[in-house]
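Okay, here's what each chain looks like letter by letter:
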Amino acid sequence: MSKLSQQEEKKLISFIKDWLKSHGLNQKDLANELDIKSSRTSEIILKIKELHKKGGMFNIAKNLIKIEQNWLNNIKNDYPETKQAPPYNQLDIDSLVNQINQDTNK
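Cut-off values and rules
Residues numbered from 1 in each chain as written. Predicted model: local features only at pLDDT ≥ 70, side-chain atom pairs only at ≥ 80, totals over all residues. Heavy atoms only, no water. Helix = DSSP H or I, 4+ residues; strand = E, 2+ residues; numbered from the N terminus. Buried < 20%, exposed > 50% of the residue type's maximum accessible area, 1.4 Å probe, protein only. Contact = heavy atoms within 4.5 Å. Areas by Shrake-Rupley, 256 points an atom, 1.4 Å probe, with all protein chains shown as cover. 1 Å grid on protein atoms, 1.4 Å probe; cavity = no way out; pocket = protein on both sides within 12 Å on 5 of 7 lines; lining within 4 Å. Points joined across faces, edges and corners; volume = space filled by probe spheres on them. Core = buried A, V, L, I, M, F, W, Y, C linked by side-chain atoms within 4.5 Å. Arc of directions from axis to C-beta. Polar contact = N/O pair within 3.5 Å; in protein donor to acceptor, adjacent residues only side chain to side chain.

Draft legend 1. Region of the structure containing the overall build of the protein chain. When helices and strands are tallied, the protein chain shows four helices and zero strands. For the protein chain, the α and β elements follow one another from N to C terminus as α-α-α-α. Out of the 106 residues in the protein chain, the part that is buried amounts to 23%. Counted over contacts in the protein chain with a minimum sequence separation of 6, partners at least 24 positions apart contribute 58%. On the protein chain, roughly 8700 Å² of surface is accessible, and the fraction owed to carbon and sulfur atoms is 52%.

Take a look at the structure:
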């Protein structure tokens, strides 16, 4: 595989920063997903270069897609389940009206 050019590297970093912002995440989140210890841009670039060496731009894209899918699944799973109370049936409403009537007659 050919090396990333300076221009490709700059475009990738710019894309990644915009991508992170669009998800409300930061470089630390990306570093965790890339399994690197530092969230510094230079460390992320090294990891991106490593991915490029193993499979070119396709490999970089494949890994970023996998990371995004993971984030989206985590966001979807973080929503608390809301328990909806069952709607009142006619007997419940009649019972409530009777109770209100009794309370107002007292």
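Draft legend 2. Summary view of the side chain of N59. In this fold, N59 is placed in helix 3 (residues 41–78). A relative accessible area of 11% places N59 in the buried class. Once residues within four sequence positions are removed from consideration, N59 is found in contact with L51 and K54.

Draft legend 3. The arrangement of empty space enclosed by the protein in detail. One pass over the full model with this rule turns up one cavity of 30 Å³ or more. Contributing to the lining of the largest cavity are I13, I16, K17, L20, Q27, L30, T41 and I44. Secondary-structure elements contributing two or more residues to the lining of the largest cavity are helix 1 (6–23), helix 2 (27–34) and helix 3. Here the lining of the largest cavity takes four residues from helix 1, the largest share from any one element.

Draft legend 4. Summary view of the nonpolar core. In this structure, I16, W19, L30, L34, I48 and I67 are the most contacted members of the largest nonpolar core, which totals 16 residues. Counting residues per element, the ones that place at least two in this core are helix 1, helix 2 and helix 3. It is helix 3 that provides the largest number of residues to this core, a total of seven residues.

Draft legend 5. Structural view of helix 2. Along helix 2, the residues classified as buried are L30, A31 and L34. For helix 2, the angular spread of the buried residues around the axis is 100°, confining them to a single face. Facing away from the buried side of helix 2 by more than 90 degrees, the exposed set consists of K28 and N32. In this structure N26 caps helix 2, since a side-chain oxygen of it lies 3.0 Å from the backbone nitrogen of K28.

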